[in-house]
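Take a look at the letters that make up each chain.
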Amino acid sequence: MDVHLLHLAVRWLHVLAMAVALGGAALVFVLAAQLAASYEWVFWLAAGTLAMTGIGNLGAFGAGLPSPQTGWGTTLVVKLSVVVLLVMLSLPRTLAVARLAFAAPSHVADVLRTLYAFTSATFALVVAIAIWLAHG
Amino acid sequence: MNGDPPQRLVTWALATFHATLFVVASVLFAYTRGGLGSLLANLNTLVGLGLFAALWATTFLTTQRALEGIDVLGTMDDRAFVRRVFRWGAANGMAFLAVLAVVFLVGSLAAIPAGSGPGFLLFAAFAAPFALVVSAAVGGAVGAVLGVIDLGLVRLARRLSAENN
């Protein structure tokens, strides 16, 4: 298999998963809290895909990966730290949705708007950092 | 997948949370200590993707077993939960080692010259029990740590949903 084609495919899958995760969170926040339970299934699929393809993207650097002491490296550390925070704070959101969506669907909109706003904003921050890493 | 819709979503979320947090935190740790570049240099992209997919799959299967009969969204015995994730974390460590061993053995057998296979296989057979014990210990420890993190996040989720119910 052509290595460049593989790396390109991994990058596109990474971008697609990010678009689904960020766009979905924004959609649930703005339009339809009733979609929250469905979004949570997709969110974790996207999160796993992002982790998998993210490692693949780093793998394309190989031994040429810049050191963590460089500006690029420090930014990558910040990005990975934000991702850890986002993943950790997404689990309570999913569990709260699972608890409310099936027991008291009418209350979902109240509790989750803030959480989806936070998720969208954090994803937007990760995207901004990723763009800087790719082109900065 | 077994269970009612909320339980299935909880299993899927917890399994992916465990696999993702473990891998991203490990990458962050290795990178800040300068060991990631050399590791990536020895890792083919396809193999890396395949190993993550394998870890995701084994974590999902073991999380599914660990949560059998446990109502994460309702009331549960915290100690029993941590014991269960420790035990199934150990099982996950061994299952992932088995996947690694297959990849390593197939790759090594393809690379070694014809006629020198039996010695290599004998070494692998000798090392396997020790590797299984180590993988179970590491898997159990990681499972217990993630179980404690889960408990904190479950409590946060209960507060979030209770305040708005």
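All figures in this text were calculated on a predicted structure; none of them were measured in a lab.

Calculation criteria
Residues numbered from 1 in each chain as written. Chains lettered and ligands numbered in written order. Predicted model: local features only at pLDDT ≥ 70, side-chain atom pairs only at ≥ 80, totals over all residues. Heavy atoms only, no water. Helix = DSSP H or I, 4+ residues; strand = E, 2+ residues; numbered from the N terminus. Buried < 20%, exposed > 50% of the residue type's maximum accessible area, 1.4 Å probe, protein only. Contact = heavy atoms within 4.5 Å. Areas by Shrake-Rupley, 256 points an atom, 1.4 Å probe, with all protein chains shown as cover. Lys, Arg positive; Asp, Glu negative; His and termini not counted. Charge placed at Lys NZ, Arg CZ, Asp CG, Glu CD. pLDDT = per-residue confidence, 0-100. Expected span 1.5 Å × (residues − 1).

1. Digging into the overall build of chain B
Phase 1 of the analysis: A count of helices and strands for chain B gives five helices and zero strands.
Phase 2 of the analysis: For chain B, the N- to C-terminal ordering of α and β elements is α-α-α-α-α.
Phase 3 of the analysis: Oriented by its inertia axes, the alpha-carbon framework of chain B measures out at about 70 × 35 × 25 Å.
Phase 4 of the analysis: By residue count, 41% of the 165 residues in chain B fall in the buried class.
Phase 5 of the analysis: Contacts spanning at least 24 positions in sequence make up 79% of the contacts within chain B whose residues lie at least 6 apart.
Phase 6 of the analysis: Summing over all exposed atoms, chain B offers an accessible surface of approximately 8,600 Å²; the carbon and sulfur share of this is 71%.
Phase 7 of the analysis: The average position of the 10 basic charges and that of the 7 acidic charges among the side chains of chain B differ by 7 Å.

2. A look at the confidence of the model for chain A
Phase 1 of the analysis: When pLDDT is averaged along chain A, the result is 87; 90% of the residues meet or exceed 70.
Phase 2 of the analysis: By mean pLDDT, helix α4 (residues 108–135) of chain A is the weakest element of chain A at 86, and helix α2 (residues 36–59) of chain A is the strongest at 92.

3. Focus on helix α1 (residues 5–32) of chain B
Residues and elements named next belong to chain B.
Phase 1 of the analysis: Counted at 1.5 Å a residue, the expected span for α1 with its 28 residues is 40 Å, and the 40 Å between its end C-alpha atoms agrees.
Phase 2 of the analysis: A large share of α1 lies buried, amounting to 20 of its 28 residues.
Phase 3 of the analysis: One or two positions beyond α1, positive phi appears at G34, with a value near 80°.

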